[in-house]
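One-letter residues, chain by chain:
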Amino acid sequence: MTFTPAVEARFPDFADHTDSLVGHGVEFFLASNETLRPHLNETPYGHKLTWLDFTDTAEKDWSIRDFLNFFNIINGIAFGDRGIPMPQWVMVDLILMPAAALIAGLPQAEFADMVERSTFRFDTDVKQLLRKVQQDMRDSGYRGPVPVGGYCAAPSAEPGRWVGWSLWSLMPAVGLGKAAKALALSAYRAQKLDGVTQYDNSALKVHTEFGALKILVATVPFHTSPGSFVYQSDLTLPAGVELPEPTFLLDPFDYSRQRAMQKDIEAGRCEFHVLPPGHVRRDGKTYVPILEKELSR
C-alpha cells in the first residue's frame, strides 16, 4: 500500500509548481545524514530530491561542506535585521543530525544573474552582501550550486508533529518558499506543523497557503523578534474547506491586543486563527486577518 504524505493529500497541486521552478534552473536538495535516510521521503510530489549527507568526505565535483556553509551564510543574509542568524552548531545539532534541510540551489551563473536583476526589498544591503558571497566562492574555488532558499523543521516528542523554524527565499514572486516548504513537509511525512513567526513577517503569506493557522500562543515576549506568536498547521484536515470571513484585522504592532488574545487563550474563552492570505492592506497599512472562535464553557 502506497503512503501519501498528509501535505500531498491536502495540497496535491503543488507538484506542478515545483516542476516549473526546476524548469527555471532550481535544484532541490535534501541534506541530512545516512542513518535517517530510510525515514525520509526522497521523492516528495514525485520529484526526486538530490541527497546530501553532511558527514560524507568523499571527493566530489564540489564540496558539500562549502555548500552547507553558504546555505548558512545566505540564510542569515535573507533574514536581514531580524537578528536571528543561525550558528553552524545549530545547523548540525538541530537540522542535519535529527532531521533534514530542504535546500533550493541555483547554478552560479544563474545566481549571478539573479543577484543583478533583483531588488531585495527586504534589505538594501542584501545585494552587497551577496556579491561578497560570490567573491568568497571565487576565492575558495567553489564550483557548486548556490543556495537561494530553504526550509528546516525539527521533530517533536509527538509522532508526526514537527516544529518549523527557518523558511527563506531569495527569489520573491516565483513561489520558491511555498515549494520548499511543501517538499520539506512531504519529505518529513509531517502531519502537524508548529512554528513561531511574527505578525509582520511576509512569510505569513506562504504559511497560510497551507491553510488557516491556529494560534497556540498569541505573544512570545521571550523571543528575539517582537510580535512573535506560535501557530499550528494541521495537514490532516480535508482539502477544499471554505474559510469564513475574518472576525477582525490585527495590527501587527498592536502588542496590547496580542496580549489580550493570549489572556483569552489561557482562560479557555476563545481560540484564534490567522486566515489566508496572511496579510491584507487597508488604508495603506498591513493587517493580519484573524478568525476568533468563542469556546463553550
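Residues numbered from 1 in each chain as written. Predicted model: local features only at pLDDT ≥ 70, side-chain atom pairs only at ≥ 80, totals over all residues. Heavy atoms only, no water.

### Let's talk about the pattern of salt bridges
Once the charged atoms of two side chains with opposite charge are near each other, the side chains can pair.
Working step 1: This structure, assessed with the given rule, holds 12 salt bridges.
Working step 2: Here glutamate 116 and arginine 131 are joined by a salt bridge, their closest N and O atoms 3.0 Å apart. Highlighted residues: glutamate 116 in helix 5 (residues 108–117) and arginine 131 in helix 6 (residues 126–140), separated in sequence by 15 residues.
Working step 3: A relative accessible area of 46% places glutamate 116 in the partly exposed class.
Working step 4: Residue arginine 269 pairs with aspartate 264 through a salt bridge whose shortest N-O separation is 2.8 Å.
Working step 5: Judged by its relative accessible area of 34%, arginine 269 is partly exposed.
Working step 6: On the accessibility criterion, aspartate 264 (19% relative accessible area) is buried. (Salt bridge = Lys/Arg side-chain N within 4 Å of Asp/Glu carboxyl O. Helix = DSSP H or I, 4+ residues; strand = E, 2+ residues; numbered from the N terminus. Buried < 20%, exposed > 50% of the residue type's maximum accessible area, 1.4 Å probe, protein only.)

### Remarks on the packing of helix 2 (residues 14–23) against helix 7 (residues 176–188)
Working step 1: With their axes 10 Å apart at the nearest point, helix 2 and helix 7 run at an angle of 120° to one another. As judged from the angle between their axes, helix 2 and helix 7 are oblique. When you trace helix 2 past helix 7, the crossing you get is left-handed. Of the residues in helix 7, those touching helix 2 at Phe14, His17, Thr18 and Leu21 are Leu176, Lys178, Ala179, Ala182 and Leu183.
Working step 2: For the contact of helix 2 with helix 7, the class distribution of residues is six nonpolar, two polar and one charged. (Axes fitted to C-alpha atoms, helices over the stretch in contact; angles between N-to-C directions. Parallel < 35°, antiparallel > 145°, perpendicular 65-115°, else oblique. Left-handed = near helix turned anticlockwise from the far one by under 90°. Contact = heavy atoms within 4.5 Å. Nonpolar A, V, L, I, M, F, W, Y, C, P; charged D, E, K, R; others polar.)

### Considering the pairing of strand 12 (residues 285–294)
Working step 1: Note: strand 9 (residues 248–250) against strand 12, three bridges, orientation antiparallel. Within strand 12, the position partnered with leucine 249 by the bridge is proline 289.
Working step 2: Inspection of the sheet shows strand 10 (residues 270–274) paired to strand 12 by five bridges, in the antiparallel sense. Bridged to histidine 273 within strand 12 is leucine 291.
Working step 3: Linking strand 11 (residues 280–282) to strand 12, which pair antiparallel, is a turn of two residues; within it aspartate 283 sits at a positive phi near 55°. (Pairing = 2+ DSSP bridges.)

### Regarding helix 9 (residues 255–267)
Owing to its 3.6 residues per turn, the α-helix brings residues three or four apart onto one side.
Working step 1: The terminal C-alpha atoms of helix 9, which comprises 13 residues, lie 18 Å apart, in line with the 18 Å expected from a rise of 1.5 Å per residue.
Working step 2: Regarding helix 9, the residues found buried are Gln258, Met261, Gln262, Asp264 and Ile265. The arc that holds every buried residue of helix 9, seen down its axis, measures 160°, which confines them to one face. Seen from the buried face of helix 9, the exposed residues on the opposite side, beyond 90 degrees, are Lys263 and Glu266.
Working step 3: Against strand 7 (213–217), strand 9 and strand 10 lie the buried residues of helix 9.
Working step 4: Among the residues trailing helix 9, glycine 268 stands out with phi positive, at a value near 75°. (Expected span 1.5 Å × (residues − 1). Arc of directions from axis to C-beta.)

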